[in-house]
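Observations on chain architecture
Residue-level listing of the chains:
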Amino acid sequence: RKEEALFLFQTGKFKQALKINSIMKIPYFIIIMFLCPLALVGQEINLLPEPWKVEKKEGVFTLSVSTSIQYPSELKECVEIFNKHLSERYGFSLKKGSRRNGIRLIVDKNMKRETYNLLVETNGVMIRGSESGVFYGLQTLQQLISETENKLLIPEVKIEDRPRFKYRGVLIDVARYYQTPEFLKKYIDVMAHYKLNVLHLHLTEDAGWRIEIKKYPELTRKGAWRPSTQVGQTPTEQDNLPHGGFYTQKEIRDIIQYANERQITIIPEIDMPGHMMAALSVFPELSCTGGPFSIPLEWGVKEHILCAGNEKVFDFIKDVLTEVIELFPSEYIHLGGDEAPKKQWKVCTKCQNRIKEEHLKDEHELQSYFIQRVETFVNSKGKRIIGWDEILEGGLAPDATIMSWRGEKGGIAAANLGHDVIMAPTDYFYLDYYQSDDRANEPSSAHWGATVDLEKTYSFNPLPSKISADKQKHVIGVQACVWGEKVQLERDVEYMSFPRALALAEIAWTPQEKRNYADFCQRVAACLSYLDWKEVTFRIPEALSDVEINAGKAIISLQSSVKGADIYYTTDGTSPWTYGKLFTSPVTLPLTFNGIDFRYTIVLPSGRSSAVYKLQRK
Ligand code: ACM
Ligand code: ZN
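Criteria and thresholds
Residues numbered from 1 in each chain as written. Chains lettered and ligands numbered in written order. Predicted model: local features only at pLDDT ≥ 70, side-chain atom pairs only at ≥ 80, totals over all residues. Heavy atoms only, no water. Helix = DSSP H or I, 4+ residues; strand = E, 2+ residues; numbered from the N terminus. Rg over C-alpha atoms; globule rule 2.2 N^0.38 Å. Buried < 20%, exposed > 50% of the residue type's maximum accessible area, 1.4 Å probe, protein only. Core = buried A, V, L, I, M, F, W, Y, C linked by side-chain atoms within 4.5 Å. Contact = heavy atoms within 4.5 Å. Donors = N, O, S within 2.8 Å, 3.2 Å for Na, K, Ca; no water. Tetrahedral: all angles 85-135°; square planar, octahedral: opposite > 155°, others 65-115°. Axes fitted to C-alpha atoms, helices over the stretch in contact; angles between N-to-C directions. Parallel < 35°, antiparallel > 145°, perpendicular 65-115°, else oblique. Left-handed = near helix turned anticlockwise from the far one by under 90°. Nonpolar A, V, L, I, M, F, W, Y, C, P; charged D, E, K, R; others polar. Salt bridge = Lys/Arg side-chain N within 4 Å of Asp/Glu carboxyl O. Phe/Tyr/Trp six-rings, centres within 6.5 Å; stacked < 30°, edge-to-face > 60°. Lys NZ or Arg CZ within 6 Å of the ring centre and 35° of its normal. Expected span 1.5 Å × (residues − 1). Pairing = 2+ DSSP bridges. Polar contact = N/O pair within 3.5 Å; in protein donor to acceptor, adjacent residues only side chain to side chain.

**A short note on the overall build of the protein**
A count of helices and strands for the protein gives 19 helices and 29 strands. For the protein, the C-alpha radius of gyration of 26 Å lies close to 25 Å, the compact-globule estimate for 618 residues. In terms of overall dimensions, the protein has C-alpha extents of about 80 × 70 × 50 Å along its principal axes. A buried classification covers 59% of the 618 residues belonging to the protein.

Here it is in structure tokens:
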């Protein structure tokens, strides 16, 4: 279909070599869909992720204060969350009861986890599913509500739904920059709305230790604070501002419970043996050299890591993990394992002795020894480990699940060895990468070289053919990672996360054959108006645009990428933020020698504006 779109570009009215920045990546057929008023007739269904099976009917159900909701006691919290949404968004909530024309929720113990059926008819709504399934049915119902002429309408529909993958995650790097529990809860709300179910917290780093460990209070008393942070591209560009913070165990329990009520598991990561400078600044004796160290104020991989030849290191790790395992109900504990340089291990007597005693070949096998020893401990507590794909080097721990970040290679190798895999390749799912090639328009929170735009993220297929058919089941899911070197403020985390995390949500949930980027973009427009209401500072995508060249004139049509947003434009090179005219119908411009200079900004219902985007002749 992409080829078809390209063909239209090359042979149709775009022949005039008018290069449109934002249009080139948008397949032609979306534009048609957006500009066709027929597509907007009737009650729209804009679900994200797209369910497994949707059968739309003609009628509507009207939701109102007098609608009752009937449910078994185990769904009490689930209904409270649904009611909280209704009351925040529409100003009322539903009373328990079994009146006619109400909503009925049924827990079916025979249905699989996260599976539900939803039936909306003119005279009632029914959701039947497993407990987590009913929760997701209510998320779907929330997305189906539309406000029309002061009424809340839900289209008649029959939905059968279940997830493609059991692991649908996002990582937030709270170690590089601390984020508050309140912010994490807001983020959890949004994740749940899109049926994401794992929040991976990167809790420890060179730059800071963020989880209270009762046995070692110094870890957070000292290790959670730094006096300054690199803010530019070079280490000497410092903000000279203290930064820090950590989660008490009480706060952690509270976040876990909040997430659990929303079907989200929090997976803690204690990164080892590398990325440990915050801990080594407190306990330098756990390094190969003995230090002393301070928390590094600049970014980058550090050569000082935990000493693999020192028994005290394993005691320390066991103490820390004992408290972590007690706190987190998650089946998995993430041990990191990434970016651990072997430079110090090569010259450390203790590490070299360990290599001899354990008959290891080299430092890679020493890392393997390290991770396997910790895995044995984690397994003895009834939990399983996840590690970044570096833990493949030197031999995999027997039960480890691999998180494949350096492309898909690690994931493919691990799955073919019979290990479970979570795909999190940088090129698709590292949400600290740029979202657009128009670098000047992106905030400083976007800072790495590659561009991972929405379409790129969406294009990922988690089941590469290099994983043999009988091993494909080992890919248990996907994860997006919001790394934090430059992502300090809440609005930065939100900007980098959305809308790309919506693409991840659909990859994780919707069957591959039902995924379609054009259709996805249309649904994103509806989702973004929800996120705007929720005060999430997402990146506002470029408008969908169409330029027709006719008799020396360009006729420009635009469609907002966010439902309910306005577009303001200028044609003389001035800023649309100041001088913009409201776009209401196609604009005709003469094609002068310098081409057209059409600039616009998208203004959301909340009042927030996008960057200035341009349509221009190359
Ligand atoms: C990683 O990005 N170092 C896992
Ligand atoms: Zn050592």
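**Quick look at the nonpolar core**
Of all hydrophobic cores here, the largest spans 173 residues; its most connected members are Trp-209 and Leu-321. For this core, the leading source of residues is helix α9 (residues 311-327), giving 9 residues. When sequence neighbours within four positions are dropped, the list of residues in contact with Leu-321 reads Ile-270, Met-272, Ile-333, Leu-335, Val-374, Phe-377 and Val-378.

**Regarding the coordination of the zinc ion (ligand 2)**
The protein atoms donating to the zinc ion (ligand 2) are Cys-288 (SG), Cys-307 (SG), Cys-348 (SG) and Cys-351 (SG), with metal-donor distances spanning 2.3 to 2.4 Å. Considering all 4 donor atoms around the zinc ion (ligand 2), angles at the metal cover 106 to 116° and the coordination shape is tetrahedral. Every donor residue of the zinc ion (ligand 2) comes from the same chain, spaced as C-x18-C-x40-C-x2-C. Residue Cys-288 is located in the loop between α8 (277-282) and α9, and its partner Cys-351 is located in helix α11 (residues 349-357); the two are separated by 63 residues in the primary sequence. Among the residues examined, Cys-288 registers a relative accessible area of 14% and is labelled buried. Note on Cys-351: relative accessible area 0%, which makes it buried.

**Some points on the packing of helix α17 (residues 500-509) against helix α18 (residues 517-533)**
Running from amino to carboxyl end, α17 crosses α18 at an angle of 125°, the nearest separation of the two axes being 11 Å. Here α18 runs oblique to α17, going by the angle between their axes. The element α17 and its partner α18 pack so that their crossing is right-handed. For the pair α17 and α18, the contacting residues are Leu-502, Ala-503 and Glu-506 in the first and Phe-520, Arg-523, Cys-527, Leu-528 and Leu-531 in the second. Class assignment of the residues belonging to the contact of α17 with α18 gives a composition of 6 nonpolar, no polar and 2 charged.

**Topic: the pattern of salt bridges**
Counted under the stated rule, the structure contains 36 salt bridges. Glu-74 is the salt-bridge partner of Lys-109, the closest N and O atoms lying 3.4 Å from each other. In this pair, Lys-109 is assigned in the loop between β4 (103-107) and β5 (116-121) and Glu-74 in the loop between β2 (68-70) and α3 (76-90), connecting sequence segments 35 residues apart. Taking the relative accessible area as the measure of exposure, Glu-74 reaches 35% and is therefore partly exposed. Across the salt bridge formed by Arg-599 and Asp-597, the nearest N and O atoms sit 2.9 Å from each other. Through salt bridges with shared partners, a single network forms among Glu-50, Glu-506, Lys-514, Asp-519 and Arg-523.

**Here we look at the packing of aromatic side chains**
To describe a pair of aromatic rings, you give the distance between the ring centres and the angle between the ring planes. Applying the stated criterion to the full structure yields 27 aromatic pairs. An angle of 70° between the planes, with centres 5.6 Å apart, marks the rings of Phe-135 and Tyr-136 as edge-to-face. The exposure classification of Phe-135 matches that of Tyr-136, with both residues buried. Geometrically, the ring pair formed by Phe-283 and Phe-316 is edge-to-face, given 5.8 Å between the ring centres and 65° between the ring planes. In this pair, Phe-283 is assigned in the loop between α8 and α9 and Phe-316 in helix α9, connecting sequence segments 33 residues apart. Assigned by exposure class, Phe-283 and Phe-316 land together as buried. By way of ring pairs, the aromatic residues Trp-388, Trp-405, Tyr-430, Tyr-433 and Trp-483 are connected into one cluster. For the cation-ring pair, Arg-89 lies above Trp-533, with the distance from its terminal atom to the ring centre recorded as 5.0 Å.

**A look at helix α4 (residues 131-144)**
Counted at 1.5 Å a residue, the expected span for α4 with its 14 residues is 20 Å, and the 20 Å between its end C-alpha atoms agrees. The buried count for α4 comes to 13 of 14 residues, which makes it a mostly enclosed element.

**Re the sheet that holds strand β15 (residues 265-272)**
Strand order in the closed barrel formed by 8 strands is β9-β10-β15-β16-β17-β18-β19-β22, and the pairing between neighbours is parallel. Neighbouring strand axes in the sheet, compared pairwise and without regard to direction, differ in orientation by 30° on average. Sheet topology note: the strand β19 (residues 421-423)/strand β22 (residues 475-482) ladder contains 3 bridges and is parallel. When the bridges of β22 are listed, Met-423 appears paired with Val-478. On the sheet, helix α12 (residues 363-380) packs against β15, β16 (332-336) and β17 (384-388) and is oriented at approximately 150° with respect to β17.

**Describing the environment of Ser-132**
Take Ser-132: it is sitting in helix α4. On a C-alpha basis, the gap between Ser-132 and Glu-261 in space is 9.5 Å, while along the polypeptide they are 129 residues apart. Residues contacting Ser-132, with those up to four places away along its chain left out, are Arg-113, Glu-114 and Gln-263. There is a polar contact of 2.9 Å between the side chain of Ser-132 and the backbone nitrogen of Glu-114.

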